[in-house]
Amino acid sequence: MSTLLEPKEITIKTMAGEDRTYILSKFPAIAGREIVSQYPISAVPKLGDYKINEALMLKIMGFVAVPADNGPLCLSTHALVNNHVPDYETLMKIEFHMMDYNTSFLSIGKISNFLGGVEGKAAAWITKTLMGWLGQYFPKDAPPSMNSEPSTP
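These lines cover the structure that appears in this document, whether it is placed above or below.

Parameters and conventions
- Residues numbered from 1 in each chain as written.
- Predicted model: local features only at pLDDT ≥ 70, side-chain atom pairs only at ≥ 80, totals over all residues.
- Heavy atoms only, no water.
- Patch = residues over 30% accessible without salt bridge, like charges linked within 9 Å, V, L, I, M, F, W, Y side chains within 5 Å.
- Areas by Shrake-Rupley, 256 points an atom, 1.4 Å probe, with all protein chains shown as cover.
- Salt bridge = Lys/Arg side-chain N within 4 Å of Asp/Glu carboxyl O.
- Helix = DSSP H or I, 4+ residues; strand = E, 2+ residues; numbered from the N terminus.
- Buried < 20%, exposed > 50% of the residue type's maximum accessible area, 1.4 Å probe, protein only.
- Expected span 1.5 Å × (residues − 1).
- Contact = heavy atoms within 4.5 Å.
- Polar contact = N/O pair within 3.5 Å; in protein donor to acceptor, adjacent residues only side chain to side chain.
- Axes fitted to C-alpha atoms, helices over the stretch in contact; angles between N-to-C directions.
- Parallel < 35°, antiparallel > 145°, perpendicular 65-115°, else oblique.
- Left-handed = near helix turned anticlockwise from the far one by under 90°.
- Nonpolar A, V, L, I, M, F, W, Y, C, P; charged D, E, K, R; others polar.

1. Some points on a nonpolar patch on the surface
A cluster of nonpolar residues, M15, Y88 and M92, forms a patch on the protein surface that exposes about 360 Å² of accessible area. On the secondary structure map, Y88 appears in helix α4 (residues 88-102). Among the residues examined, Y88 registers a relative accessible area of 55% and is labelled exposed.

Structure below.
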């Protein structure tokens with residue numbers, strides 16, 4: 001079991017309406033750097049990588065625990081997550097709370113600004129890349145294509 005840094009108990013309502021208690025923990029420095037630098041981007045639809053995001057989710061969940069008789073139990077494996085988190089929505093709420101608890105710039109209200117900035121930068125990069133390709137593959141001074149046959153009356 002990993003040591004929980006600055007543990008904080010929260011209660012999350014599951015999709016079935018049941019209240020569940022989880023213990024959040026701060027990330028250690030190096031794990032935190034890896035998670036915070038990769039997690040948001042890996043979750044962006046069509047830009048991210050689900051497998052990377054899933055691995056980071058498991059890393060995050062290793063710093064989440066549930067109360068147990070012999071001390072907090074960290075949810076560090078697929079099986080432990082599936083046994084103690086009843087549905088995907090609850091899992092996503094835990095992930096959101098963990099990112100909020102572990103970052104100052106992804107706090108509630110600021111996360112939208114952060115993701116909006118990422119979206120804007122991604123759109124600008126994609127536009128620039130595509131425009132470069134257009135110029136490369138379709139030069140302005142190119143003769144008309146001879147690929148089509150003239151139409152016959």
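2. Some remarks on α4
The end-to-end C-alpha distance of α4, which contains 15 residues, comes to 21 Å, matching closely the 21 Å that a straight helix rising 1.5 Å per residue would cover. Among the residues of α4, those classed as buried are T90, L91, I94, E95, M98, M99, Y101 and N102. Among the structural elements, β1 (5-13), β2 (19-26), α1 (29-42), α2 (50-61) and α3 (78-84) are those in contact with the buried residues of α4. One side-chain oxygen at the N-terminal end of α4 lies 3.2 Å from the backbone nitrogen of E89; it belongs to D87.

3. Considerations on the packing of α1 against α2
As a packed pair, α1 and α2 sit with axes 9 Å apart at the nearest point and diverge in direction by 135°. In terms of orientation, α1 lies oblique with respect to α2. As for the relative orientation of α1 and α2, their crossing is left-handed in sense. Counting all contacts with α1, which are made through E34, I35, Q38, Y39 and S42, the residues of α2 involved are I52, N53, L56, K59 and I60. Looking at the contact of α1 with α2 residue by residue, the class counts come to 5 nonpolar, 3 polar and 2 charged.

4. What about α2?
The end-to-end C-alpha distance of α2, which contains 12 residues, comes to 16 Å, matching closely the 16 Å that a straight helix rising 1.5 Å per residue would cover. Taken together, the buried positions of α2 are occupied by N53, E54, L56, M57, L58, I60 and M61. The inward-facing, buried residues of α2 contact α1, α3 and α4. Two or three places before K51, at the start of α2, stands the capping residue D49, its side-chain oxygen 3.0 Å from that residue's backbone nitrogen.

5. Some details on the pattern of salt bridges
With the rule as written, the count across this model stands at 5 salt bridges. Note that E34 and K59 form a salt bridge whose closest N and O atoms lie 2.6 Å from each other. Here E34, found in helix α1, pairs with K59, found in helix α2; they are 25 residues apart in sequence, far enough to count as distant. Residue E34 is classed as partly exposed on the basis of its relative accessible area of 30%. The class for K59 is partly exposed, based on a relative accessible area of 31%.

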